[in-house]
Amino acid sequence: MAIAAAYPYVEVKIVPPPAPLAQRSPGVIAVVGKAPSGADGGAAPPNTPVRIETLDDAVTNFARLNAGNVLRNALYNSLELAFLQDPRPSKVYGVKVSGDDYAVALAGLEAADDVTMVSLANEVAVGTPAGSGAATNLHALKAHVESMSAAGQRRLGFAMVDPAEAKSATYVADIVADVTSLKSSTSRMVMIAARGATVDAATAAMAAVAGLPVHHSIVLKKIRGITIPVAQQYSPSEIKGLSEANLTPVIDPALITGESLHFADGRLFTSDASMLHVDLVRTLDQIEFNLRAGLIGLIGDSRITKAGMTQLKVQVDSILGPLQRQAVIDDYKVEIPVLDILRIPEAARTTIDTAILTTARENRTVDLVVTITYGPAVSRLLVTLVAKF
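Basis of the calculations
Residues numbered from 1 in each chain as written. Predicted model: local features only at pLDDT ≥ 70, side-chain atom pairs only at ≥ 80, totals over all residues. Heavy atoms only, no water. Helix = DSSP H or I, 4+ residues; strand = E, 2+ residues; numbered from the N terminus. Expected span 1.5 Å × (residues − 1). Buried < 20%, exposed > 50% of the residue type's maximum accessible area, 1.4 Å probe, protein only. Contact = heavy atoms within 4.5 Å. Axes fitted to C-alpha atoms, helices over the stretch in contact; angles between N-to-C directions. Left-handed = near helix turned anticlockwise from the far one by under 90°. Nonpolar A, V, L, I, M, F, W, Y, C, P; charged D, E, K, R; others polar. Lys, Arg positive; Asp, Glu negative; His and termini not counted. Salt bridge = Lys/Arg side-chain N within 4 Å of Asp/Glu carboxyl O. Patch = residues over 30% accessible without salt bridge, like charges linked within 9 Å, V, L, I, M, F, W, Y side chains within 5 Å. Areas by Shrake-Rupley, 256 points an atom, 1.4 Å probe, with all protein chains shown as cover. Bend = angle between axes of the 7 residues up to and from the residue. Pairing = 2+ DSSP bridges.

Q: Run through helix 4 (residues 137–150), naming residues and quoting values.
A: Relative to the 20 Å expected for 14 residues at 1.5 Å per residue, helix 4 spans 20 Å between its end C-alpha atoms, a close match to the ideal helical length. A large share of helix 4 lies buried, amounting to 10 of its 14 residues. What helix 4 keeps buried is the set Asn-137, Leu-138, His-139, Ala-140, Leu-141, Lys-142, His-144, Val-145, Met-148 and Ser-149. Looking at the buried positions of helix 4, the neighbouring elements they touch are helix 3 (102–107), strand 6 (117–120), strand 7 (156–160) and strand 8 (189–193). Two residues or fewer past helix 4, Gly-152 is found with a positive phi of approximately 105°.

This is how it looks when you write it as structure tokens:
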């Protein structure tokens, strides 16, 4: 067998760098709404997501200029509200509805895998859940965010109660009864209450939340572009009643200077008390995506050996460690049972240890448990004032 000459002594092979990890901004919103057919409704085709970077884009795709004035419609008005928020969402999509078929328009968003929040432009009709036909109105929104979240694309739906509902002694009970069917058992709906508002409070609220870091509580954060007459604003008992029913009232707090509207609470419209707050669910959604994107590169490469499982743990640490340093989470713990077994000398392993390791290698499946300690923001202070003379 011929032996290669030593010359040129050193051979270098250039290997392309690994592909960058997938990124997902938590502040990407989609507004699905009605616009006129024909030229007055812009150039965008129905049921097709269109990215809107400026209000000029919104005019081109969903409205029309007439003598320098925008011929407004529900979808354009809601997109304009989204752009009024400060900070703004990282990305905004608009989707035009064909007639009243929200379900088909929402289906057009299924492939837009960066969307994290969805609203229906100025829609207050509860509609009906899926039965003999597709879900309608706000039930179509609920069905969309729940089904997409179950499929791995986590989304929140923002809706609002009817702002024209008259003030009465039974207002809170009446409102809750009207929308109770929209409550999400998987914590995927946010229900905004803004009595007296004349614009799309749900989309404004969604865009305001999208501009916040995921771990920031939405309590008392500002919503721009909405006005509510003083006579229509909520009383203390109404604020408490709506909040305890897991709706989010929009209020003008007396303790905040100036005239501005804010979230009175930060709850999801859910029956799951363990997943009650918007910031908790947004944080977990973002961590889930980061883990999936960060670990996908190990599939097919990382081996079920001590070295391979150690590599897996190091990768998880590289994902969660920065979140801990940035105070997104307070602490975390990573457990890989197979790695714990591989650290034990083979002669010292029990029959159960050997069975677990054998099963993992036969099935090529590894269990990994990540425990997150989340430090939520304070929503309520209990102050005891003691006077001494």
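Q: Could you give an account of the packing of helix 8 (residues 278–295) against helix 9 (residues 306–325), with specific residues and numbers?
A: The geometry of helix 8 relative to helix 9 is characterised by a closest axis approach of 10 Å and an angle of 145° between their N-to-C directions. For the pair helix 8 and helix 9, the sense of crossing is right-handed. On helix 9, the residues that touch Ile-287, Asn-290, Leu-291, Gly-294 and Leu-295 of helix 8 are Leu-312, Gln-315, Val-316, Ile-319, Leu-320 and Leu-323. A per-class count over the contact of helix 8 with helix 9 returns 8 nonpolar, 3 polar and no charged.

Q: Go over the side chain of Asp-353, please, and point to the residues and values.
A: Within the element layout of this structure, Asp-353 appears in helix 11 (residues 351–363). Buried and unpaired, Asp-353 has no salt bridge, with Arg-349 as the nearest side chain of opposite charge at 6.5 Å. If near-sequence neighbours (up to four positions away) are discounted, Asp-353 is found in contact with Ile-341 and Ile-344.

Q: Describe in detail a nonpolar patch on the surface, supporting the description with residues and values.
A: The grouping of Tyr-7, Tyr-9, Val-10, Val-12 and Ile-14 at the surface amounts to a nonpolar patch, some 720 Å² of accessible area in total. Residue placement: Ile-14 occurs in the segment before strand 1 (28–33).

Q: An account of helix 9 is requested, with residue identities and associated values reported.
A: Across its 20 residues, helix 9 extends 28 Å between first and last C-alpha, which sits within 8% of the 28 Å expected from 1.5 Å per residue. At Ile-319, helix 9 shows its maximal kink, close to 25°; a proline, Pro-322, follows between one and four residues later. What helix 9 keeps buried is the set Gly-308, Met-309, Leu-312, Val-316, Ile-319, Leu-320, Gly-321 and Leu-323. In this fold, the buried residues of helix 9 make contact with helix 8, strand 12 (331–335), helix 10 (337–342) and strand 13 (369–373).

Q: Describe in detail the sheet that holds strand 11 (residues 261–263), supporting the description with residues and values.
A: Judged by pairing direction, the sheet is mixed, and its 9 strands sit side by side in the order 2-5-1-6-7-8-10-11-9 without closing on themselves. The open sheet terminates on both sides in strands that have one partner only, identified here as strand 2 (50–51) and strand 9 (222–223). With 2 bridges joining them, strand 8 and strand 10 (residues 248–251) adopt parallel strand pairing. From the neighbouring strand, Ala-193 faces strand 10, where its bridge partner is Pro-249.

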